[in-house]
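# Structure assessment
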Amino acid sequence: MKPYLIVIPAYNEEEHIANVIDSTKKDNPQADILVVNDGSTDNTSALAKQRGAEVLDLPFNIGYGGAVQTGFRFAVEHAYDFTVTLDGDGQHDPASVKALIDTMEREKADVVIGSRFIEGSYRMGFLRKIGVRLFSWIARLYGGMRISDPTSGFQLLDRKAFSYLARDDNYPLDYPDVNIVMALHKMDFKIVEAPVRMKEKLKGKSMHSGFRPAVYVLRMCLAILMIFLRKED
Amino acid sequence: MSVSVRISVFLSGLLLFLVILGLVRNRKLREELSIVWLLAGVALLCSSFADLIIDPLAFKLHINYPPTLVFMLIFFLFAIVMLYFSIVVSELKSRNKELSQKIALMEYEIARLKGE
């Protein structure tokens, strides 16, 4: 067994999953690949198995966060040392995993967040940009953390961190965000950022379209409030 | 409140109460979840005599139009019912997540043991 587990949550990603697995394998021979099929109704699971990835099939769609947490639970059960979370839609460049690993070794961090803003530019909608700025600012106010990309799902976690997130409701069912960064900071995990490459999403409906940004901001404000109110677990 | 209105409110409350009992009897509604609805039925039954309490109470609370107090109480009762069911749904959602994750992990192990 390899020390790294790359967790790829995927929901109806038959168009991208094969390419994502192929490039992840090519760029990361030191890692096992786990696709968590989040109740897809297409051929995502079969294609992932064909490409040689380990596949967990959730019986129905439970949400991005729930799928990632399933991957963390798998990593705990199989005693992996590190997990990388990488999206199944091909947005995250698997070649950037090396940058995450280098940064973790150099900084002796527990969690490395891949940021699309440290190097290069990334275009995003106006509302989303405001959301990202707002939550970066909150993270900075909260613990002096300089997190430029708190919405990034491209992360490397050590065993201590992913074991904590694998427990009970320590990870949200929908989209983990700055609330998780803050919760990890509260538990004294060391969090740093590393530059990664992300492709802009061309197809498919973004979770930040329509009225969703407003709901997302409200939901995140509530999650942040809960971090202050909850006792440390 | 006229006698006919009093009787129809009483009968509506009784009907709700009996429907809930029937649902529990046929195991369509779990006993523990039916309590809150049975209480709503009892409240409706009692409301047929509500004017005897509501009017003096509204007067004491300086509410000029007593039905406002009735609406407030109904709103409060249903807010509690909805809150209760939201808690139940949240619990179910957490358990659903746990179960689906366990199924996925166990299916993987079974497939591995079978040598697939």
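Residues numbered from 1 in each chain as written. Chains lettered and ligands numbered in written order. Predicted model: local features only at pLDDT ≥ 70, side-chain atom pairs only at ≥ 80, totals over all residues.

## Some words on the sheet that holds strand 5 (residues 111-115) of chain A
All names here are of chain A. As a reminder of what qualifies: In short, DSSP must find at least two bridges between two strands for them to pair. What counts as a helix is a DSSP run of H or I of at least four residues, what counts as a strand is a run of E of at least two, and both are numbered from the N terminus. Each axis is a line fitted through C-alpha atoms, and for a helix only the stretch in contact is used; angles between axes span 0 to 180 degrees, taken between their N-to-C directions.
Strand order in the open sheet formed by seven strands is 3-2-1-4-6-5-7, with mixed pairing between adjacent strands. Edge positions in the open sheet fall to strand 3 (54-57) and strand 7 (191-195), since each of these has one partner strand only. Here the strands of the sheet are splayed against their neighbours by 20° on average, with no regard to which way each runs. Of the strand pairs in this sheet, strand 5 and strand 7 are connected by five bridges, and their pairing is parallel.

## Details of the packing of helix 5 (residues 126-143) of chain A against helix 8 (residues 212-229) of chain A
Residues and elements named next belong to chain A. Filter applied, for reference: Here the word oblique covers every angle except those under 35 degrees (roughly parallel), over 145 (roughly antiparallel) and from 65 to 115 (roughly perpendicular). Our contact criterion uses C-beta atoms placed from the backbone: two residues qualify when those atoms are within 7 Å.
The N-to-C vectors of helix 5 and helix 8 enclose an angle of 10°; their axes lie 10 Å apart at closest approach. Taken together, helix 5 and helix 8 sit at an angle that is classed as roughly parallel. On helix 8, the residues touching Leu127, Arg128, Gly131, Phe135 and Ile138 of helix 5 are Pro213, Tyr216, Val217, Met220 and Ile224.

## Thoughts on the interface of chain A and chain B
Counting from both sides, the interface comprises 14 residues of chain A and, opposite them, nine residues of chain B. Listing elements by their share of the side of chain A that touches chain B, those giving two or more residues are strand 3 and helix 3 (64-77) of chain A. A per-element tally of the side of chain A that touches chain B places helix 3 of chain A first, with six residues.

## Here we look at the domain arrangement of chain B
Residues and elements named next belong to chain B. Put simply, the test is: Delimitation of the domains relies on an automatic or database domain assignment. Residue polarity is assigned by list, with Asp, Glu, Lys and Arg as charged and Ala, Val, Leu, Ile, Met, Phe, Trp, Tyr, Cys and Pro as nonpolar; anything else, Gly included, falls into the polar class.
Each domain of chain B was delimited in the assignment, giving domain 1 (1-48) and domain 2 (51-116). Just the C-alpha atoms count here: the centres of domain 1 and domain 2 sit 19 Å apart. Counting residues at the interface gives five residues for domain 1 and five residues for domain 2. In the side of domain 1 that touches domain 2, the residues fall into five nonpolar, no polar and no charged.

## Section: the pairing of strand 4 (residues 82-85) of chain A
All names here are of chain A. Note the following rule: Counts of 20 or more other C-beta atoms within 10 Å of a residue's own C-beta define buried residues, counts of 12 or fewer define exposed ones, and intermediate counts define partly exposed ones; C-beta atoms are placed from the backbone.
Burial along strand 4 is two-sided: the residues Phe82 and Val84 and Thr83 and Thr85 are all buried. Pairing geometry for strand 4 and strand 6 (residues 155-158), over four bridges, is antiparallel. Pairing of valine 84 across the sheet is with leucine 156, part of strand 6.

## Some words on helix 4 (residues 97-107) of chain A
Residues and elements named next belong to chain A. The condition that has to hold: This arc corresponds to the set of directions leading from the helix axis out to the C-beta atoms.
Residues Val97, Leu100, Ile101 and Met104 constitute the buried set of helix 4. Down the axis of helix 4, the sector holding all buried residues measures 95°, keeping them to one side. Exposed residues lying more than 90 degrees from the buried face of helix 4 are Asp102 and Arg106. Looking at the buried residues of helix 4, the elements they touch are helix 1 (17-27), strand 4, strand 5, strand 6 and strand 7.

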